[in-house]
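Single-letter residue listing:
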Amino acid sequence: MGTQTPPQSFSPQKEKDDGGRTQQEKSIDEWLPINSSRKAKWWYSAFHNVTAMVGAGVLGLPYAMSELGWGPGIVVMILSWIITLYTLWQMVEMHEMVPGKRFDRYHELGQHVFGERLGLWIVVPQQLAVEVSLNIIYMVTGGQSLKKFHDVICDGKCSDFKLSYFIMIFASVHFVLSQLPNFNSISAVSLAAAIMSLSYSTIAWGASLDKGKGTDVDYSLRATTTPGKVFDFLGGLGDVAFAYSGHNVVLEIQATIPSTPEKPSKKPMWKGAFVAYVIVAICYFPVAFVGYWAFGSGVDENILMTLSKPKWLIALANMFVVIHVIGSYQVYAMPVFDMIETVLVKKLRFAPSFTLRLIARSVYVAFTMFVGITFPFFGGLLSFFGGLAFAPTTYFLPCIMWLKVYKPKRFGLSWFINWICIVIGVLLLVLGPIGGMRQIILSAKTYKFYQ
């Protein structure tokens, strides 16, 4: 599996390197998944970011459009793309803003800006909420897509299996892949996932375009009552926020790129990130707009569930989704593995070993599988977590850090841009989860556990 050889000794070492670390501390850092390899190229940044960004969220964008309507939907989609590209650039720039130091993890940047203790409490809960919730949602998405593939291929001629079984099949892959030690070791998986995301997004809008606009397509908002329209609108905002979540792993991805004073990592990282965002636009906008144009308010929470013909193409698209979310799960799980292993080794003083990694990561995969099986409310989960956890880390936390560190001129262009992003992000934080929670409550009324 390419696992790294753990440090053989866990006894204190007195020798210190240039960074003030003992040999023991250095060996532990080199064992942890984020720090262990810095050999990535700019294109690694591109496909890691595509894999991180384009995921379950893109399949829910036509549904979000049906909650927002044409005008607001287009504005929210484009504005979100611009704002999140800007905040992504900020994070890439801040990775090495202190000469000779790299902020390899989101919380390390937060600690530099807000202080050791406060920065940890501001960033880590939000980042964990994003990454763990995404892994749970990817469990659900992977299981749903496997079930859809099975149903389309069988065409009613096979036994009907519960969704729970398909989620367990999907999870079984991650019990193996989770043992890959670091970001560079999952590069092939991530590249395959990025290709798949572009492929199934193209199938989603291409099949919708081929089907064309039906005679009974209705573009009125899904809800008929005023409260329903308001809650759906808020849920739509959360759905869109969910679609832009790559910021939570961007510093960890950048940490894998080599850096020198002459060739800082921000140049190849930004090149890859910008290419990724172009691909994101190619995936997101056609799926959202063409999908909504073809099905209107009748589109499902996952557009591939709405499409039924041609069967072979829809089956293929669902298998592409499965392969993609396998990669996405691993990209978002890697920083979580890093946090877990850091606590186990540095705080609880466990010796770094393959056994420790095997147990810790397997327990985490089992946990996300169990929660995914228990609460597979796909649409509600998107909008709830999209507003609650994704808005801060993606839309406005980088701006707050930028203002605090660089202190741009008051009422200047940079100051205004950052405050606009902060206001929009806070609105998403407050409003998005309301609509998502309502969807979860409505789904729970008719839901049977472990269906």
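Cut-offs applied
- Residues numbered from 1 in each chain as written.
- Predicted model: local features only at pLDDT ≥ 70, side-chain atom pairs only at ≥ 80, totals over all residues.
- Heavy atoms only, no water.
- Helix = DSSP H or I, 4+ residues; strand = E, 2+ residues; numbered from the N terminus.
- Polar contact = N/O pair within 3.5 Å; in protein donor to acceptor, adjacent residues only side chain to side chain.
- Axes fitted to C-alpha atoms, helices over the stretch in contact; angles between N-to-C directions.
- Parallel < 35°, antiparallel > 145°, perpendicular 65-115°, else oblique.
- Left-handed = near helix turned anticlockwise from the far one by under 90°.
- Contact = heavy atoms within 4.5 Å.
- Patch = residues over 30% accessible without salt bridge, like charges linked within 9 Å, V, L, I, M, F, W, Y side chains within 5 Å.
- Areas by Shrake-Rupley, 256 points an atom, 1.4 Å probe, with all protein chains shown as cover.
- Salt bridge = Lys/Arg side-chain N within 4 Å of Asp/Glu carboxyl O.
- Buried < 20%, exposed > 50% of the residue type's maximum accessible area, 1.4 Å probe, protein only.
- Phe/Tyr/Trp six-rings, centres within 6.5 Å; stacked < 30°, edge-to-face > 60°.
- Lys NZ or Arg CZ within 6 Å of the ring centre and 35° of its normal.
- Nonpolar A, V, L, I, M, F, W, Y, C, P; charged D, E, K, R; others polar.

Draft legend 1. Quick peek at the side chain of Ser133. Here Ser133 shows up in helix H7 (residues 116-154). Within the structure, Ser133 has its side chain in polar contact with the backbone oxygen of Val130 (distance 2.9 Å).

Draft legend 2. Looking closely at the packing of helix H14 (residues 311-347) against helix H15 (residues 354-374). Running from N to C, H14 and H15 cross one another at 130°; their axes reach a closest spacing of 10 Å. One element, H14, and the other, H15, form an angle in the oblique class. Read as a crossing pair, H14 and H15 show a hand that is right-handed. Packed against H14, whose contacting residues are Tyr329, Ala333, Met334, Val336, Phe337, Ile340, Glu341, Leu344 and Val345, the element H15 presents Leu356, Arg357, Ala360, Arg361, Tyr364, Val365 and Thr368 at the interface.

Draft legend 3. Structural detail: a nonpolar patch on the surface. There is a patch of nonpolar side chains on the surface, built from Trp70, Ile74, Ile78, Ile82, Leu209 and Trp293 and spanning about 500 Å² of accessible area. A per-element tally of the nonpolar patch places helix H5 (residues 70-94) first, with four residues. We classify Leu209 as partly exposed; its relative accessible area is 46%.

Draft legend 4. How the structure looks around the packing of aromatic side chains. Applying the stated rule across the entire model yields 16 aromatic pairs. When the centroid spacing of 6.1 Å and the interplanar angle of 55° are considered together, the rings of Trp415 and Trp419 count as tilted. With Trp415 and Trp419 both in helix H17 (residues 413-445) and four residues apart, the pair spans about one turn of that helix. Assessed through its relative accessible area of 38%, Trp419 is described here as partly exposed. Site record: aromatic cluster; members linked through ring pairs are Tyr86, Trp89, Trp402 and Tyr406. Positioned above the aromatic ring of Trp31 is the side chain of Arg357, whose terminal nitrogen or guanidinium carbon lies 4.3 Å from the ring centre.

Draft legend 5. Focus on the packing of H7 against helix H8 (residues 163-177). Between H7 and H8, whose axes approach to 8 Å, the crossing angle comes to 115°. In this structure, H7 meets H8 at a crossing whose hand is right-handed. Mapping the contact onto sequence places Tyr138, Met139, Val140, Gly142, Gly143, Gln144, Leu146, Lys147 and His150 in H7 and Leu163, Phe166, Ile167, Ile169, Phe170, Ala171 and His174 in H8. In terms of residue class, the contact of H7 with H8 is built from 10 nonpolar, five polar and one charged.

Draft legend 6. Quick peek at unusual backbone geometry. The backbone of Arg349 shows a phi angle near 65°, a positive value even though the residue is not glycine. With respect to the helices and strands, the residue Arg349 is situated in the loop between H14 and H15. A relative accessible area of 48% means that Arg349 is categorised as partly exposed. At Phe411, a residue that is not glycine, the phi angle is positive and equals roughly 70°. Here Phe411 lies in the loop between helix H16 (378-406) and H17. Among the residues examined, Phe411 registers a relative accessible area of 52% and is labelled exposed.

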